[in-house]
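Now for the letters of each chain:
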Amino acid sequence: MAIHKGAVLLKFCAIFILTLFAFEGKAHAQVSGSITLVSDYFYRGISLSDGQAVPQLNLVYDNPDGWYAGAFGSKVRVNSKNSDGEQILLYSGFSRRLNSGVVWEAGATGSLFPKATDLNYGEIFTGIMVDNLSARIYYSPNYIGLDAKTLYLEANADYALHERIDLFSHIGWLTYPDAKPGQVINNRFDARVGLGVNFAAWKLQLAYGISRQRRSYNTGKYQSPVRDSLVFGASYLF
């Protein structure tokens, strides 16, 4: 049942994104993106590149009515025995500014691993944004091949130190509300702080991240030790 729900979310994201891109030319909609090289791909406190540098591509569609959609792709290494694979993350949602100035949003994501399809999963999310602060909560019926329901809560902040320099931070909390004893960890905490430098169409970032969990786990494919990290990224924006 959990796998079926995840497949439904993946299909929903794919169909929704294709529909939005079909209307790209209407109402002055905008498509933007970036090409990035990161020294290590950390996702919610876990390295998905086994400590290796990987390229990434991100495309975003924004509609002035509040709808948005996008696609993110990255090379990954889901365990030490596998050759390089890929992750394709599709996402779509809707945002609305309230009279108070707070921006509310809701949407769905779908993550595909073509060379490890049992890791495919979908999520729905909702969140709020105020100025340079944002918070989201995600729910997945079958998180990244663990056959378990998860909630992920995150908060993000950005602060401009200079015209071209900004400080950014992230805090996340992953929890398994119905995990069986010995199946997966009960929760995982991750945090990151870094500096970004912008010039012309380029953006450079250096971030230090930490991750903590109660005990290790092994899913057969998705294996990565929790560790602190220092990650450098260079992006070309278009």
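Keep in mind that what you see is a predicted model, and the values were worked out from it rather than measured. Just so you know, the residues in each chain are numbered from 1, in the order the chain's sequence is written. Only residues with pLDDT of 70 or above have their local features reported here, since the model is predicted, and side-chain atom pairs are shown and tallied only from 80 upward, although totals for entire chains, interfaces and linings are computed over all residues. Side-chain calculation: all heavy atoms of the structure are included, whereas hydrogens and water are not.

A. Representation of unusual backbone geometry within the structure. A positive phi angle, near 55°, is found at aspartate 50, a position not held by glycine. On the basis of relative accessibility, which here comes to 38%, the residue aspartate 50 falls in the partly exposed class. Burial here depends on accessible area, computed with a 1.4 Å probe over protein chains only, as a share of the maximum for the residue type. Under 20% is buried, over 50% is exposed, and the range in between is partly exposed.

B. Representation of the environment of tyrosine 138 within the structure. Structurally, the position occupied by tyrosine 138 is in strand 9 (residues 133–140). In this structure tyrosine 138 comes out as buried when scored by relative accessible area, which is 8%. Between the C-alpha atom of tyrosine 138 and that of leucine 174, which follows or precedes it by 36 residues, the distance is 9.3 Å. Any pair of residues with heavy atoms lying within 4.5 Å of one another is described as a contacting pair. Not counting chain neighbours up to four residues away, the residues in contact with tyrosine 138 comprise Arg44, Glu123, Ile124, Phe125, Thr150, Leu151, Tyr152 and Glu154. Separated by 2.8 Å, the side chains of tyrosine 138 and arginine 136 make a polar contact. Within the local environment of tyrosine 138, its side chain forms a polar contact with the side chain of glutamate 154, the two groups lying 3.2 Å apart. In DSSP terms, a helix is any run of H or I states spanning at least four residues, a strand is any run of E spanning at least two, and both are numbered starting from the N terminus. In the analysis that follows, any N or O atom pair within 3.5 Å is treated as a polar contact, provided that within protein one partner can donate a hydrogen and the other can accept it, and provided that, for residues neighboring in sequence, both atoms belong to side chains.

C. Structural detail: the nonpolar core. By nonpolar core we mean a set of buried residues, namely Ala, Val, Leu, Ile, Met, Phe, Trp, Tyr and Cys, connected to one another through side-chain atoms within 4.5 Å. Tyr41, Phe113, Tyr143 and Ile144 are the most contacted members of the largest nonpolar core, which has 27 residues in total. Among the secondary structure elements, those contributing two or more residues to this core are strand 2 (42–43), strand 4 (54–62), strand 5 (67–76), strand 6 (85–97) and strand 8 (121–130). Looking at this core element by element, the count peaks at three residues for strand 5. The residues touching tyrosine 143, leaving out its near neighbours within four places in the chain, are Tyr43, Arg44, Tyr121, Glu123, Ala148, Thr150, Leu174, Tyr176 and Arg188.

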